[in-house]
Structures are given as structure tokens and as C-alpha cells.
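Coordinates in review
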Amino acid sequence: MRWDWHVTEPVGLFLGIFPETTRSLAPRPARLSLCSAVHEVPWVLPALSAAGVGSVQPTGNRERFGVSNSALTSSTQEEADPSLQALESRQEEILKRLYELKSAVDGLSKMIQTPDADFDVTHVIHNDESSPLTTNGADLDLMLGKDYGALKDIVINANPSVPPLSLLVLHSLLCERYKILSAVHTHSSVKSVPEKLLKCFGEQTKKQPRHEYQLGFTLIWKDVPKPQMKFSIQTMCPIEGEGNIARFLFSLFGQKYNATTSTLIDSWVDTAIFQLKEGSSKEKGAVLRSMNAALGKTSWLVGNELSVADIVAWCVLQQTGSANAAPSNVQKWMKSCENLAPFSSVIKLLK
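Residues numbered from 1 in each chain as written. Predicted model: local features only at pLDDT ≥ 70, side-chain atom pairs only at ≥ 80, totals over all residues. Heavy atoms only, no water.

1. With respect to the sheet that holds strand β2 (residues 180-186)
Ordered by their spatial adjacency, five strands build an open sheet running β2-β3-β1-β4-β5, and the pairing between neighbours is mixed. Because the sheet does not close on itself, it has two edges, and the strands there are β2 and β5 (239-240). Pairing geometry for strand β4 (residues 228-230) and β5, over two bridges, is antiparallel. Its bridge partner lying in β5, M229 is registered against I239. Sheet strands in contact with helix α9 (residues 165-175) are β1 (153-158), β2 and β3 (215-221), and its direction is about 150° off that of β2. (Pairing = 2+ DSSP bridges. Helix = DSSP H or I, 4+ residues; strand = E, 2+ residues; numbered from the N terminus. Contact = heavy atoms within 4.5 Å. Axes fitted to C-alpha atoms, helices over the stretch in contact; angles between N-to-C directions.)

As C-alpha cells, then:
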């Protein structure tokens, strides 16, 4: 207990009148507040009243003998250092943040340490029942929306200085599936376009009425930082980036993959665009080694069937000039791609 000597002069006189009281209380090791003594020592309050100390109301620890509340407040402020309070507040905030970080790390660790986190997905890919690329087609009304009396037209803006080769390969593949009305135009923002790019879709063999085509495919050479695609000019925001457009165009074949296969395909597309095409030499080397390992198990990057991952990766290798330095399995895979007509037609643009 604690002695708080915030008392007025009459109280001091009272303690002088009763010296034995002070002597009996002084040796106690614990510190006792005087206001607490009023309640704990029953004879203190009547004695103070008899001595004329004044009105003392024992209303708890907030009351002092003749001491105002302002005196109590100032005493409390003196005991509580503002800098110490600020330090304690900061410490509590840091502990709160650490607890939140710990919770987040614990959640991630549970995800990573699951039994199936690093399982071999090869057998899952082999068991993925996907139809061959040339037998199924997507529901274009479902994919592109119904527009009665009008041809569904895909419009792509691309920069002729960096032609999106994967989109040209996909255009050729789509022409094998659908009746496509193809067109190439030049925007006013581009001064000149090489002749081979203006004829990248080849000549339209048969000119038919517009309504007899299933799909329109329009390529506009324009000064844009990255390829852009729209298929509903009035109502949609453009899809940007060669990899994203390639994913969408490949979906028009109606291929169905399980979650594991779809994830691997998306991963290879992103790896090709962001590391093999735009990464450092060290990153490119690591990607080529990963491709070589994957192609040592399967004919294509994901499973035993051509996917958009193969198309994008092959085109990136052609654009970056990394094809000649590719490992043996990658070289074999590239020849398999080039044996397909849509790939060989793109090679002519690179010469």
C-alpha cells in the first residue's frame, strides 16, 4: 500500500497530535495511501472530524483530506510521463501489427504445407479428357454475344514494329475451324507498314456475302504500346496484352481443361511473356531449362496436345532470337511446331 501525503495543514497538525500513530505506520514496508487509510483504519475518520479538520467524505481513492480534484489530477499527470505513454502506445501498435503478420504467415504456411502442394501433375494432365483441337468449336453466340443480322467481328490493334506473331498463328488456326472474313488496315498514327505485314493474312480466296461468314477478324496496324482487342466496339473495354488476347482467341476452339491443366497453361503463357520475352538473360536461361525438362516428359509444354502455351512460347523464341541457343528437347519441340502450317506461314514474316 502507498502513502500519498497530499494533505492540508490541519491534517499535519493531527499527525503531530498523534505521534504514536505516525511511528506505528512509518516502519511498514508497504506504501499506504492516506485516503486508503481512512477506510482501512476505522478510528482515523472520527478522529479527524473531532480535531476539526473539516468535512471529509470517504468516497473512494479519489478523495483527499481537504485536497481538491485539481490537485489529484496534477499529481497523476506528474506520475504519468507523456513520453512514456507515447512509447507504450507505439509498442502496442507494433505488437498488433506483428500479430497480424503472424496470422497471415500461418495461413500461407498451411496452404504451402498441404500434402498435395508439390505433387507430380503429369498423371493429372494425361488423364485430362480434352478433345482434339480440330473436332470441337465454341458457341460463338455464348462467347461473343448474340447480335442478330450482324457479323461478329474481332478487332485487334497492334504495333507493326512488334508484330504479335502468336495472334497470326491463332488466326490461321481459327481459319481452319470457322469461316472467317479477314481484313488488314493501317491507322493514321503509323506512317508506313511493310508489305508483308499488310498481307499477313494472305489473300481472301473466296469472296462471299458478309452474312455467310461466322466470324470477322480485323487487324489494324496502329501506334499502340501493346496489342488491344475488342469484339464489341460499343460496350466493352479492350483486352490488352498479347498473352491475354491469345488466351481469348484460343478459347474459341472450345477446349475444355481441368483446373490443373488450365493453371499450367496460364503459367507457361505468363512465363513466356514476362520472363522469356522481357526478362534478363539469367531469367531466359532458367525458362529454357524448365521448358527442356517439361518437354522431356511430354510432346508439348502441357500434355500431349498443342495449347496456347506452345503457340505463345514458340513465337517469343522466334522474336527474341533465342531459338538457336535452345536445349535439345526445346529444339525438337520447335520443329514439331514448324511442321504445322499455321506456324510455317508466320516464319515467312520473319525472313
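Now that the structure is up, let's keep going.
2. Comments concerning the pattern of salt bridges
Applying the stated criterion across every chain, the model contains five salt bridges. We note a salt bridge from E242 to K277, for which the minimum N-O separation is 3.4 Å. Of this pair, E242 sits in helix α11 (residues 242-251) while K277 sits in helix α12 (residues 259-277); the two residues are 35 residues apart in sequence, bridging distant segments of the chain. Three or more residues joined by partner-sharing salt bridges are found here, namely R247, D266 and D270. (Salt bridge = Lys/Arg side-chain N within 4 Å of Asp/Glu carboxyl O.)

3. Focus: the packing of aromatic side chains
Under the definition given, this model contains three aromatic pairs. Consider the rings of W314 and F343, whose centres lie 4.9 Å apart with planes at 85°: the pair is edge-to-face. Here F343 lies in helix α16 (residues 341-350) and W314 lies in helix α14 (residues 308-320), a separation of 29 residues in the sequence. Exposure class is identical for W314 and F343. Each is buried. (Phe/Tyr/Trp six-rings, centres within 6.5 Å; stacked < 30°, edge-to-face > 60°. Buried < 20%, exposed > 50% of the residue type's maximum accessible area, 1.4 Å probe, protein only.)

4. What about helix α15 (residues 328-338)?
An α-helix turns once per 3.6 residues; consequently, residues spaced three or four apart project the same way. Residues V330, W333, M334 and C337 constitute the buried set of α15. End-on view of α15: buried residues confined to an arc of 105°, all on one side of the axis. Along α15, exposed side chains directed more than 90 degrees from the buried face belong to S328, K332 and K335. The elements touched by buried residues of α15 are α13 (281-295), α14 and α16. (Arc of directions from axis to C-beta.)

5. As for the environment of Y178
Structurally, Y178 can be placed in the loop between α9 and β2. Taking the C-alpha atoms as reference points, Y178 and Q214, 36 residues apart in sequence, are found 6.2 Å from one another. Within polar-contact distance, the side chain of Y178 engages the backbone oxygen of L252 at 2.5 Å. (Polar contact = N/O pair within 3.5 Å; in protein donor to acceptor, adjacent residues only side chain to side chain.)

6. Some remarks on a nonpolar patch on the surface
A grouping of I94, L95, L98 and L101 is seen on the molecular surface, where their side chains present a nonpolar patch of about 390 Å² in accessible area. Position of L98 relative to the elements: it lies in helix α6 (residues 82-112). (Patch = residues over 30% accessible without salt bridge, like charges linked within 9 Å, V, L, I, M, F, W, Y side chains within 5 Å. Areas by Shrake-Rupley, 256 points an atom, 1.4 Å probe, with all protein chains shown as cover.)

7. So, the environment of F253
Positionally, F253 belongs in the loop between α11 and α12. The class for F253 is buried, based on a relative accessible area of 2%. Note: C-alpha distance between F253 and L174 (79 residues apart in sequence) is 7.6 Å.

8. Focus: the packing of α9 against α16
Contact geometry for α9 and α16: axes closest at 8 Å, N-to-C directions at 140°. With respect to α16, the element α9 is oriented oblique. By crossing handedness, the relation of α9 to α16 is classed as right-handed. Counting all contacts with α9, which are made through L165, L168, V169, S172 and L173, the residues of α16 involved are P342, F343, S345, V346, L349 and L350. A per-class count over the contact of α9 with α16 returns nine nonpolar, two polar and no charged. (Parallel < 35°, antiparallel > 145°, perpendicular 65-115°, else oblique. Left-handed = near helix turned anticlockwise from the far one by under 90°. Nonpolar A, V, L, I, M, F, W, Y, C, P; charged D, E, K, R; others polar.)

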